[in-house]
Amino acid sequence: MKRNKLFLLLILLLPFIGQHSAYSRCAIPSGEKETVTLFTDRSIYIAGEQLRFFATIAEDTKNNPLPSQVLYCELITPDGHKIAGYKYGISQLTVQNCFSIPGDILTGTYYFRAYTKLMRNYGPSAYAYSQVRIVNPARNELLVTDTHEANSLKQVLTVKDGMFHAVSVSADKNEYLPHDSVYLSFQVNTGPASRIKTLCLSVIPESTATSAFVPMTEAKFNERTEYYPETRSLSLTGKLTDTKGNTPARGKKVNLSIIGEGRDFMAARTDSGGRFFFSLPAYGGSRDLFLCAEKTEKNDLRIWVDNDFCALPVSLPSPAFVLSEKERLIVRDMALNVQIDSHFHPDTVPEPKAARSEDVAFYGKPTSVLYLDQYIQLPTLEEYFNELPGLVKVRKRNGERYFKITGYGDLSYYDPLILVDWVAVDEPEKILAVSPHNILRIDLINEAYVKGGQTYGGIISIISKKGDFAGIDLPSTGIFVNYRFLSPEFCRNKADFNLPGHPDTRNTLLWKPGFNFRENDKPRAFFTAPDTPGKYLIVLEGISEEGERFSTTQDFEVKN
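About the cut-offs
- One numbering rule holds for all chains: residues counted from 1, following each sequence as written.
- Given that the model is predicted, a residue must reach a pLDDT of at least 70 before its local features are reported, and side-chain atom pairs must reach 80 or more before they are shown or counted; all residues, however, enter totals for whole chains, interfaces and linings.
- Note that water and hydrogens are dropped before the side-chain values are worked out from all heavy atoms of the structure.
- Secondary structure elements follow DSSP: runs of H or I no shorter than four residues count as helices, runs of E no shorter than two count as strands, and numbering proceeds from the N terminus.
- A simple rule labels every residue: compare its accessible area, found with a 1.4 Å probe on the protein chains alone, to the largest value its type can have, and call it buried under 20%, exposed over 50%, or partly exposed in between.
- Only the protein chains shown count as cover for residues, with accessible areas throughout obtained via the Shrake-Rupley method and a probe of 1.4 Å.
- Here, a strand pair is defined by DSSP locating no fewer than two bridges between the strands.
- Working rule for helices: expected span equals 1.5 Å times residues minus one.
- By definition, the arc is the one covered by directions from the helix axis to the C-beta atoms.
- Working rule for contacts: check all heavy atoms of both residues, and any pair within 4.5 Å makes them a contact.
- Think of a salt bridge as a Lys or Arg side-chain nitrogen and an Asp or Glu carboxyl oxygen that are within 4 Å of each other.
- To get an axis, fit a line to the C-alpha atoms, keeping to the stretch in contact for a helix; angles then go from 0 to 180 degrees between the N-to-C directions.
- When the centres of two rings from Phe, Tyr and Trp lie within 6.5 Å, Trp using its six-membered ring, the rings pair. Their planes under 30 degrees apart give stacked, over 60 give edge-to-face, and anything left gives tilted.
- Criterion for a charge above a ring: Lys NZ or Arg CZ within 6 Å of the ring centre, and within 35 degrees of the ring normal.
- Per-residue confidence from the predictor is reported as pLDDT, which spans 0 to 100.

Novice: How do you make sense of the overall build of the protein when you look at a structure like this?
Specialist: Within the protein, the secondary structure is distributed over five helices and 36 strands. By residue count, 52% of the 560 residues in the protein fall in the buried class. Counting only carbon and sulfur atoms, one obtains 50% of the accessible surface of the protein, whose full area is about 26,900 Å².

Novice: When you look at the pairing of strand β12 (residues 167-171) in this model, what are you seeing that I'm missing?
Specialist: Consecutive residues of a regular strand have side chains that alternate between opposite faces of the sheet. Of the two faces of β12, the one lined by V167, V169 and A171 is fully buried and the one lined by S168 and S170 carries no buried residue. Pairing of β12 with strand β14 (residues 181-188), which is carried by five bridges, proceeds in the antiparallel orientation. Paired with V169 across the strands is F186, a residue of β14.

Novice: Please clarify how helix α3 (residues 325-344) should be interpreted in this entry.
Specialist: Along an α-helix, residues three or four apart share an orientation, since each turn contains 3.6 residues. Counted at 1.5 Å a residue, the expected span for α3 with its 20 residues is 28 Å, and the 29 Å between its end C-alpha atoms agrees. Three or more residues of α3 are buried, namely E327, I330, V331, M334, A335, N337, V338 and D341. Take α3 and look down its axis: the buried residues cluster within an arc of 160 degrees, on one side only. α3 presents E325, R328, R332, Q339 and H343 as exposed residues on the side facing more than 90 degrees away from its buried surface. On its buried face, α3 sits against β3 (44-46), β9 (128-135) and β15 (196-205).

Novice: Help me understand unusual backbone geometry, please; the structure alone is not making it clear to me.
Specialist: Generally, phi is negative for residues other than glycine and the peptide bonds are trans, each holding for most cases. At D421, a position not held by glycine, the phi torsion is positive, near 50 degrees. Along the chain, D421 turns up in the loop between β26 (417-420) and β27 (423-424). Even without being a glycine, A470 presents a positive backbone phi close to 60 degrees. With respect to the element layout, A470 can be found in the loop between β31 (459-464) and β32 (479-484). Overall, the relative accessible area of 5% leaves A470 in the buried class.

Novice: For this particular structure, what's the right way to read the pattern of salt bridges?
Specialist: Side-chain pairing between opposite charges can occur once the charged atoms of the two side chains come close. Summed over all chains, the structure comprises 20 salt bridges. We note a salt bridge from R133 to E327, for which the minimum N-O separation is 2.8 Å. Residue R133 is located in strand β9, and its partner E327 is located in helix α3; the two are separated by 194 residues in the primary sequence. Each of the two residues, R133 as well as E327, counts as buried. With a closest N to O distance of 3.5 Å, K430 and E427 form a salt bridge. Linked through salt bridges whose partners overlap, the residues forming this network are D41, R42 and E49.

Novice: Please clarify how the sheet that holds strand β21 (residues 286-293) should be interpreted in this entry.
Specialist: Paired through backbone hydrogen bonds, the strands of a sheet run either parallel or antiparallel to each other. Strand order in the open sheet formed by four strands is β19-β18-β21-β32, and the pairing between neighbours is antiparallel. Every other strand in the sheet has two partners, leaving β19 (264-269) and β32 as the edge strands with one partner each. The average angle at which neighbouring strand axes cross in this sheet is 25 degrees, direction not considered. Sheet analysis places strand β18 (residues 253-259) next to β19, joined by six bridges and oriented antiparallel. Its bridge partner being in β19, S257 is matched across the sheet by F265.

Novice: How do you make sense of the sheet that holds strand β20 (residues 275-279) when you look at a structure like this?
Specialist: As summarised here, the arrangement of the three strands in space is β20-β17-β22, forming an open sheet in which the pairing is antiparallel. Since the sheet does not close on itself, it has two edges, and those belong to β20 and β22 (301-305), each with one partner. Neighbouring strand axes in the sheet, compared pairwise and without regard to direction, differ in orientation by 25 degrees on average. One ladder, built from five bridges, connects strand β17 (residues 235-242) with β20; its direction is antiparallel. Among the inter-strand pairings, G238 is bridged to a residue of β20, identified as F276.

Novice: Whenever I open this one, the packing of aromatic side chains confuses me. Can you help?
Specialist: We describe a pair of aromatic rings using the distance from one ring centre to the other and the angle between the two ring planes. Enumeration according to the criterion identifies 25 aromatic pairs in this entry. Centroid distance Y283 to F485: 5.5 Å. Interplanar angle 55 degrees. Geometry classified as tilted. Placement of the pair is Y283 in the loop between β20 and β21 and F485 in the loop between β32 and β33 (510-515), with a sequence separation of 202 residues. Grouping aromatic residues by their ring pairs yields a cluster made of F265, F362, Y363, W422, Y449 and Y456. Over the ring of Y122 we find K33, and its NZ or CZ is 5.3 Å from the ring centre. In this structure, K512 is placed above the aromatic ring of F515, and the distance from its NZ or CZ to the ring centre is 5.2 Å.

Novice: Any chance you could explain the environment of K82 here in plain terms?
Specialist: Looking at the secondary structure, you find K82 in strand β6 (residues 82-89). Sequence separation of K82 and F112 is 30 residues, and the distance between their C-alpha atoms is 10.0 Å. If near-sequence neighbours (up to four positions away) are discounted, K82 is found in contact with E74, L75, I76 and F309.

Novice: I would appreciate a short explanation of the confidence of the model for the protein in the present structure.
Specialist: Interpreting fine coordinate detail is not advised for predicted regions of low pLDDT. For the protein, the average pLDDT comes to 83, and 80% of its residues sit at 70 or higher. Segment residues 1-27: pLDDT under 50, and 59 contacts once partners within four positions in sequence are set aside and those in other chains are kept. The low-confidence segment residues 348-358 (pLDDT under 50) makes 17 contacts with residues lying over four places distant or belonging to another chain.

Novice: Is there a simple way to explain the environment of W511 in this structure?
Specialist: By the element assignment, W511 lies in strand β33. Between the alpha carbons of W511 and T40 there is a distance of 9.3 Å; along the sequence they are 471 residues apart. With near-sequence residues (within four places) excluded, W511 lies in contact with F39, T40, D41, R52, F53, F54, C200, L201 and S202.

Here is the structure:
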């Protein structure tokens, strides 16, 4: 975004402005590829719990020097139906967060999967998967699935005690009482330790260790798909066609407005295939977006917005949901912990909000502001513009009214950007039909303005009193989209169960993702033994620099 008083400079630069968005419009090289390795804290959960996960992203630095900055995570059924999905910001090629499992989910076998938008060019077989079993004690129904013999995934053959025993973990005792301190020690050997890329440590109930899956066949690049790496933040893409959806609309402008808090405006022109691309701000939570196409003579354009998440069909292993007698006892204790935790510590994770900016617009401080209530009441907006001294006048051209802004340079070379509550409306007749009683103020910019590669001959921004678009009929080609931006830090910390009246409701006793050791280190960790008696597993998983997945485990018991 830039305001530029040197209008002639804009003319000189025009051939170079707006030719590229945040994403290159050229064909995606078939060698450009990213892969995700996914770790979860366990494999059995109770409905309403949080699934803790850690993901590492490996990129082809030769063909893809700018890695993706957004990870898409979903909980899906074996036939690919999405139960829930969230988007997470990637930091230093890793993501560490929690995924909230819906409380009304059916008992059954599901898959937690992760991918970047760039990976969608290769299809679902390129994504990372982890099989999870979820139990909902409040519902008797089971998720109905078919047992597939020809599957698209196979289970990862994790090397037990692999990497030539590069790293191992052990507890100081085999048996503990509730609230005892459990000390863990790690043995890191010289040589193989240097090949370890990352480690994840979890302490979980027996029989709840994780299981990862990989494709049975190598994913192939789909030349017809156009998903670009999100190297800044989230992106919104789609296609502009005629009303029948058969013919792409090339070179047409599409406007996008973010409504409410964190409001913004941007515009982009469609490419040769009718596709448009928007790089969105790194907001959190949900916002309403309004998209509309520029006005045409026939007004026969239709906007298609790409699905945020992958909707392609998959065929995943769907074994019958069966719990052994041992697992039933473990799940019973886990469900009791969840029930007690919901009573003492209700879920109060707030929905993130953008910083309030009632008086700050994306265009900054306007050149002038017209407050209609400060003047004698006039019947029409046209009279306010023409009768009052100001920067905007209403003129006629070929029998149609238009706005003329006076300012720096020949602003008539470009049409002004006209906004009503931050939504672009390029139909002056609709604007002038608005009752002045509904308008709070009008912001004016009398300079050439560049936003998102588009150049405007100034800005006329109309702010209504009630935030209801002043009663105007919005463009018929427009659509509202309730868009979920990046997810917040979802992980809930259990209250201090050592305090009086605070029960210990942990089902994962310890979760330490994404760490590593230097050679000859002798690191230690400790946690408190739970109130729930039973056997527990200490699981240390990792991945080598060569991509080999390995794990080592030790068990211990908590007695009454």
